[in-house]
Amino acid sequence: MPVMLHGKSGNKKIDIMNWRNKKVFLTGHTGFKGSWMSVWLSFLGANVKGYALRPQRLSLYNQICHRLDKHQSVIANILDKKRLEKELLQFQPDFIFHFAAQPLVRKSYDIPVETFEVNTIGTANLLDAVRLLKKECVVIIVTTDKVYENSETGKPFNENDKLGGHDPYSASKAAAEIVVDSFRLSFFHPSKYKLHKKSIASARAGNVIGGGDYAADRIVPDIYRALSNSKTISIRNPQSIRPWQHVLDPLSGYLSLAEAMKIDPQKFATSYNFGPKLKDELTVEELVQNVIECWGSGKYKLTPIKNAPHEAGLLKLNIEKAKSDLAWEPKWNATQAIEKTITWYKNSLQKNHDKFNICVKDIVDYSS
Ligand SMILES: NC(=O)c1ccc[n+]([C@@H]2O[C@H](COP(=O)([O-])OP(=O)(O)OC[C@H]3O[C@@H](n4cnc5c(N)ncnc54)[C@H](O)[C@@H]3O)[C@@H](O)[C@H]2O)c1
């Protein structure tokens, strides 16, 4: 390690020379997307400093971290502003990806204030720390497709649509977007780039799937737990449509955006949607049927919960801006994403199968 990565991600080629030995500060590195990003960045030869809470005992991070090259892990809270500043300033990053968050909608109903603190104030803490950096830096704040005011008309959201949020998670991320905009206008204005040398963007992606997600209360990990224990899968919102995509699709979008920002830090300091192709959307029930087919067996039942807290039923993203500005496109359709994900979980159940290698294989397949 690191291994050379050649090839394409979506339509956009990720250039290893943009990443080799570059310093990348990655918050949320112990989470699902953060673990995959850590593998990819290690693969590209980047020097990564992660900043997040301790991983769950059963987590992709614990399964792959011993194989990561040039990777430091800081276990600390994004709300510990002094520590965050210290770690960021000591590292002097070239790139920052901000993934750390409380990312679960239903949990946000249980802990709304903590969700706002971590997702909104956490983002402000990070951007405030960036103000202290005296060097060039590209910063990507990861939010979600749920930042748009969603009246469920079926119209795909574009980046100029109104922000909003019904549940506390969505609202906390929409508020994070407003924080990003405020910091960009107040301290990192593109027109004054030569003075501050920071390029700040936000990235809005939808539900992702992929091997190694073990989070409670997420559809694919729930299905995996049921299938691997020969239990019946329960579906609470069978007709909900989500923009399902493999985790490598938005990650390639974030990498492509960061590369573009490095080349033109003023033009690309804005927000981008990263979603699947529109015709590629599946209902939750169709997703479950596809998973069962890939797994080879399994049953499901519909278990709508009475008086369940509100969750958006219909959510579509318009990705024309990422296509035209970044030459980025999703690469794996929903069927391929499901097949890759289920193959990952099946392989991981084999004795002595190294999870890092399974992730690398997916990255190589994705990039070729
Ligand atoms: N997984 C998805 O389907 C999805 C969809 C859209 C957007 N996102 C966004 O992508 C990002 C990553 O999501 P994920 O699925 O990997 O989530 P995850 O729960 O697997 O990981 C969250 C990460 O944030 C860290 N974190 C949480 N609270 C923290 C705190 N107080 N201080 C420091 N670190 C903290 C955790 O330790 C972990 O590393 C999040 O911002 C999420 O909102 C995820």
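Residues numbered from 1 in each chain as written. Predicted model: local features only at pLDDT ≥ 70, side-chain atom pairs only at ≥ 80, totals over all residues.

When its secondary structure is counted, the chain shows 13 helices and 13 strands. A globule of 368 residues ought to have a C-alpha radius of gyration of about 21 Å, and the chain, at 19 Å, matches this closely. Each of the three principal axes of the chain carries a C-alpha extent, and together these read 60 × 45 × 40 Å. Looking at the chain as a whole, 49% of its 368 residues are labelled buried. Summarising the internal contacts of the chain: among those between residues at least 6 apart in sequence, 81% fall at separations of at least 24. (Helix = DSSP H or I, 4+ residues; strand = E, 2+ residues; numbered from the N terminus. Rg over C-alpha atoms; globule rule 2.2 N^0.38 Å. Buried ≥ 20, exposed ≤ 12 C-beta atoms within 10 Å, placed from the backbone. Contact = placed C-beta atoms within 7 Å.)

Around the ligand lies a shell of 23 residues, among which Gly28, Gly31, Ala52, Leu53 and Ala101 are the nearest. If one sorts the elements of the shell around the ligand by residue count, helix α1 (residues 32–43) sits on top with 3 residues. Residue composition of the shell around the ligand, by class: 14 nonpolar, 8 polar and 1 charged. (Near = placed C-beta within 6 Å. Nonpolar A, V, L, I, M, F, W, Y, C, P; charged D, E, K, R; others polar.)

So, about the sheet that holds strand β4 (residues 95–98). In sheet architecture, strand pairing relies on hydrogen bonds along the backbone and comes in two forms, parallel and antiparallel. Here 7 strands make up an open sheet; going across it, the order is β3-β2-β1-β4-β5-β6-β11 and the pairing parallel. The open sheet is flanked by β3 (71–75) and β11 (271–274), the only strands paired with a single partner. Geometrically, the sheet is characterised by an average inter-axis angle of 20° between neighbouring strands, direction not taken into account. Relative to β4, strand β1 (residues 23–27) is paired through 4 bridges, and the arrangement is parallel. Paired with leucine 26 across the bridge in β4 is phenylalanine 97. Lying over the sheet, α1 contacts β1, β2 (47–52), β3 and β4, oriented at roughly 170° with respect to β2. Lying on the sheet, helix α9 (residues 248–263) is in contact with β4, β5 (137–142), β6 (198–205) and β11; it crosses β6 at an angle near 160°. (Pairing = 2+ DSSP bridges. Axes fitted to C-alpha atoms, helices over the stretch in contact; angles between N-to-C directions.)

This part covers the nonpolar core. In terms of nonpolar packing, the biggest core is built from 103 residues, with Phe97, Ile140 and Leu257 touching the most fellow members. It is α9 that contributes the most residues to this core, 8 residues altogether. With near-sequence residues (within four places) excluded, leucine 257 lies in contact with Ile140, Ala201, Ala203, Phe268, Tyr272 and Leu326. (Core = buried A, V, L, I, M, F, W, Y, C linked by C-beta atoms within 7 Å.)

We now examine the packing of helix α3 (residues 81–91) against helix α5 (residues 112–130). Each packed pair of helices is defined by two parameters, the angle between the axes and the distance between the axes. Between α3 and α5, whose axes approach to 9 Å, the crossing angle comes to 45°. Between α3 and α5, the interaxial angle falls into the category oblique. In the packing of α3 onto α5, the handedness of the crossing is right-handed. For the pair α3 and α5, the contacting residues are Lys81, Leu84, Glu85 and Leu88 in the first and Asn125, Leu126 and Ala129 in the second. The class makeup of the residues in the contact of α3 with α5 is 4 nonpolar, 1 polar and 2 charged. (Parallel < 35°, antiparallel > 145°, perpendicular 65-115°, else oblique. Left-handed = near helix turned anticlockwise from the far one by under 90°.)

With that out of the way, let us pick up α5. Note on helix geometry: an α-helix contains 3.6 residues per turn, so any two residues three or four positions apart are oriented the same way. If you check α5, its first and last C-alpha atoms are 26 Å apart, about what 19 residues at 1.5 Å a residue would give, namely 27 Å. The largest bend along α5 measures about 30° and falls at isoleucine 121. When we look at burial in α5, the residues that qualify are Thr115, Phe116, Val118, Asn119, Thr120, Gly122, Thr123, Asn125, Leu126, Leu127, Ala129 and Val130. (Expected span 1.5 Å × (residues − 1). Bend = angle between axes of the 7 residues up to and from the residue.)

A separate point is the environment of lysine 13. One can find lysine 13 in the segment before β1. For lysine 13, a count of 16 C-beta atoms within 10 Å corresponds to the partly exposed category. The spacing of lysine 13 and serine 368 is 355 residues in sequence and 10.0 Å in space, taken between C-alpha atoms.

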